[in-house]
Amino acid sequence: MSIEPKETEKPNKDNKDKKPRKKRTAASYAIEFFIKIGITVLVVTFLLLFVGGVYVNHNNSSYPMVKDGDLCITFKLAKLKLEDEIVYKKDGKIKLGRIVAMPGDVIDMRDDHITINGYGAYDNAVYETTAEGAAISFPYTVPDNTYFVLNDYRDDITDSRTYGGISKSETKGRIVLLIRMRGI
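The present account deals with the structure reproduced in this document. (Residues numbered from 1 in each chain as written. Predicted model: local features only at pLDDT ≥ 70, side-chain atom pairs only at ≥ 80, totals over all residues. Heavy atoms only, no water.)

**Details of the pattern of salt bridges**
So, point 1. Taken as a whole, this structure holds 9 salt bridges when the rule is applied.
So, point 2. For Asp108, the salt bridge goes to Arg110, with nearest N and O atoms at 3.3 Å.
So, point 3. The salt bridge involving Asp159 is made with Arg161; its shortest N-O contact spans 2.9 Å. By the burial criterion, Asp159 is buried, and Arg161 matches it. (Salt bridge = Lys/Arg side-chain N within 4 Å of Asp/Glu carboxyl O. Buried < 20%, exposed > 50% of the residue type's maximum accessible area, 1.4 Å probe, protein only.)

What follows is the structure in structure tokens.
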């Protein structure tokens, strides 16, 4: 009578090479968690510094489009063009306004309307635009690397009528998302 080994009794090479898995400790989970949080913070910081921005409007200079208390998300890498609503910093304050003239344009304000390069500009502002109280004289040639920015609420003249052209370095980006925060 011969005794043959059963297949289940054959030594398995795979079982010999496997090491028993170590149980994970709470400390290893905590370390992994904090590494993920750190990476997330770095990515969000990078995005907010170089790609976009988050600003809360604290005035009504862009009323009726942007109201007091609204949250504005900007895209810093956007190529700015006419009629873009932008965020810019002037006198240490964050301001909002709409680009109405580009570098090299000649802007004039007479009889409650705007002309750019001698042509009447389409202006969909709710309020009349006047040069009354302006610190600059018209006609005004927009310098290179600057934009002529007006508030949507045109009675507030703390825009390019006061400061002249807003430089590209002062712009914080085009508003791409607006979140109504009032009453929350």
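**Looking at the packing of aromatic side chains**
So, point 1. Applying the stated criterion across every chain, the model contains 4 aromatic pairs.
So, point 2. Their ring planes at 45 degrees and their centres at 5.2 Å tell us that Phe46 and Phe50 sit as a pair that is tilted. Taken together, the residues Phe46 and Phe50, both in helix 2 (residues 26-50) and 4 residues apart, mark about one turn of the helix.
So, point 3. Residue class for Phe46 comes out partly exposed when judged on its relative accessible area of 48%.
So, point 4. Between Tyr140 and Phe148, the aromatic rings sit 5.7 Å apart at their centres with planes inclined by 50 degrees, giving tilted as the arrangement. Exposure class is identical for Tyr140 and Phe148. Each is buried.
So, point 5. Seen from the ring of Tyr29, Arg24 lies directly overhead, with NZ or CZ sitting 4.1 Å from the centre. (Phe/Tyr/Trp six-rings, centres within 6.5 Å; stacked < 30°, edge-to-face > 60°. Helix = DSSP H or I, 4+ residues; strand = E, 2+ residues; numbered from the N terminus. Lys NZ or Arg CZ within 6 Å of the ring centre and 35° of its normal.)

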